[in-house]
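Chain residues, written in single-letter form:
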Amino acid sequence: MATRRPIVAGNWKLHGSRQTSRALAVAVAEGLAGIDLGPARLRGENPPLEVLLCPPFVYLAELAELVAASHLRLGAQDVAVEEAGAFTGEVAAAMLRDVGCRYVITGHSERRALFGDTDERVAGKVLAALRAGLSPILCVGETRAERDAGDTLTVVRRQLQVVLEALDSGQVSAAERQMMSVAYEPVWAIGTGLTATPADAQAVHADIRATVGRRDATMASALRVLYGGSVKVSNAKDLFAMQDIDGGLIGGAALLAGEFVSICKAAAS
Ligand code: PGA
């Protein structure tokens with residue numbers, strides 16, 4: 001693991017109830033407090049690891065209060081491009097900040113594939129998040145067909161470039177750029193039990209950093225690039241040991257407190 005502070009984010013997707021969400025958040029907070037990471041440091045301003053829970057929108061405010069005393073942070077699973085107005089069903093970045101949320105997942109492949117998020121819309125969401133002081137986690141990744149056609153890097157670079165161009169044209173400051181992270185999530189690995197090998201993932205992560213670096217070297221060296229796609233305890237350590245893998249975006253395994261805490265341990269060690 002490089003010197004960048006890793007992030008482990010649990011993407012709860014469309015799962016759970018008010019009761020199970022509270023129980024899961026409490027169990028994760030307790031599990032992390034009990035592990036040998038130097039709990040005092042974990043609770044301080046600069047913990048060695050950032051751990052995020054990304055529940056459905058409706059549970060964010062309540063969970064923010066519940067985990068306020070712990071080192072856990074909250075993220076949303078999506079955000080509106082627009083700041084306010086007649087956009088029924090949308091949730092604005094400022095509203096997320098307002099309820100204690102600090103991060104937001106943008107461009108998850110499920111939003112891209114099922115809800116029509118284009119590269120341009122995703123870029124708009126990243127800008128909206130940054131303008132409201134939220135840290136966006138930009139998801140990129142290729143489908144099975146794109147990988148089989150040898151197009152992995154072309155696809156990932158395109159998804160990234162559109163956002164990088166938006167950062168330039170939106171005159172996003174150096175400090176704001178540091179708030180963004182990227183999650184490389186090969187679509188074929190999400191929820192399938194298949195995982196990219198550490199070496200394959202590392203190759204894409206290094207390319208992501210290099211692509212960012214061609215525009216902004218300072219941003220690239222500080223950029224956290226998370227891996228996502230069937231991360232579990234059994235593969236987390238090998239993935240996180242790679243030089244350009246700075247943590248993980250965890251789906252299914254994030255719904256199991258013990259499994260998620262063990263993945264966090266792997267990222268912190
Ligand atoms: P998974 O999901 O860990 O269940 O594969 C990851 C994600 O979709 O972020």
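Report follows, based on the coordinates. Small disclaimer: the values here were computed from a predicted structure and weren't measured. (Residues numbered from 1 in each chain as written. Predicted model: local features only at pLDDT ≥ 70, side-chain atom pairs only at ≥ 80, totals over all residues. Heavy atoms only, no water.)

For the structure on display, the rule yields 1 aromatic pair. We note Arg 144 situated over the ring of Trp 188; from NZ or CZ to the ring centre the distance is 4.8 Å. (Phe/Tyr/Trp six-rings, centres within 6.5 Å; stacked < 30°, edge-to-face > 60°. Lys NZ or Arg CZ within 6 Å of the ring centre and 35° of its normal.)

Bringing the sheet that holds strand 6 (residues 181-184) into the picture now. Taken in spatial order, the 8 strands of this closed barrel run 1-2-3-4-5-6-7-8, and their pairing is parallel. Strand-to-strand twist of the sheet, defined as the mean angle between neighbouring strand axes without regard to direction, takes the value 25°. With 4 bridges joining them, strand 4 (residues 103-106) and strand 5 (residues 135-140) adopt parallel strand pairing. When the sheet's bridge partners are listed, Thr 106 is paired in strand 5 with Leu 138. The strands touched by helix 8 (residues 152-169) within the sheet are strand 5 and strand 6, with strand 5 carrying the most contacts at an inclination of about 150°. Most of the contacts of helix 13 (residues 257-268) go to strand 1 (residues 7-11), to which it runs at about 160°, and overall it touches strand 1, strand 2 (50-54) and strand 8 (247-250). (Pairing = 2+ DSSP bridges. Helix = DSSP H or I, 4+ residues; strand = E, 2+ residues; numbered from the N terminus. Axes fitted to C-alpha atoms, helices over the stretch in contact; angles between N-to-C directions. Contact = heavy atoms within 4.5 Å.)

Here strand 6 shows no split at all, with Ser 181 and Ala 183 on one side and Val 182 and Tyr 184 on the other all buried. As paired elements, strand 5 and strand 6 share 4 bridges and run parallel to each other. Bridging across to strand 6, Cys 139 finds its partner in Ala 183. Pairing of strand 6 with strand 7 (residues 225-228), which is carried by 3 bridges, proceeds in the parallel orientation. In the sheet register, Tyr 184 faces strand 7, and the bridge partner there is Tyr 227. (Buried < 20%, exposed > 50% of the residue type's maximum accessible area, 1.4 Å probe, protein only.)

The full set close to the ligand counts 13 residues, and Lys 13, His 108, Glu 185, Gly 191 and Ser 230 are the nearest of them. Lys 13 places a polar side-chain atom, nitrogen or oxygen, 2.7 Å from an oxygen atom of the ligand. Between Gly 191 and the ligand, the recorded distance is 2.7 Å, taken from a backbone N or O atom to an oxygen atom. Each residue belonging to the shell around the ligand can be placed in one class, and the counts come to 4 nonpolar, 7 polar and 2 charged. (Near = heavy atom within 4 Å. Polar contact = N/O pair within 3.5 Å; in protein donor to acceptor, adjacent residues only side chain to side chain. Nonpolar A, V, L, I, M, F, W, Y, C, P; charged D, E, K, R; others polar.)

Summed over the entire model, instances satisfying the criterion amount to 24 salt bridges. Among the salt bridges present, the one from Arg 158 reaches Asp 119, with a minimum N-O distance of 2.8 Å. With Arg 158 in helix 8 and Asp 119 in helix 6 (residues 119-131), this residue pair connects regions lying 39 residues apart in the sequence. The structure contains a network of salt bridges with shared partners spanning Asp 78, Glu 90, Arg 111, Asp 117, Arg 121 and Lys 125. (Salt bridge = Lys/Arg side-chain N within 4 Å of Asp/Glu carboxyl O.)

Let us now look at the environment of Arg 215. Along the chain, Arg 215 turns up in helix 10 (residues 198-215). On the accessibility criterion, Arg 215 (37% relative accessible area) is partly exposed. With 50 residues separating them along the chain, Arg 215 and Glu 165 place their C-alpha atoms 9.3 Å apart. One polar contact links Arg 215 to Gln 161, side chain to side chain, over a distance of 3.3 Å.

The values reported here are purely geometric and, on their own, carry no functional implication.
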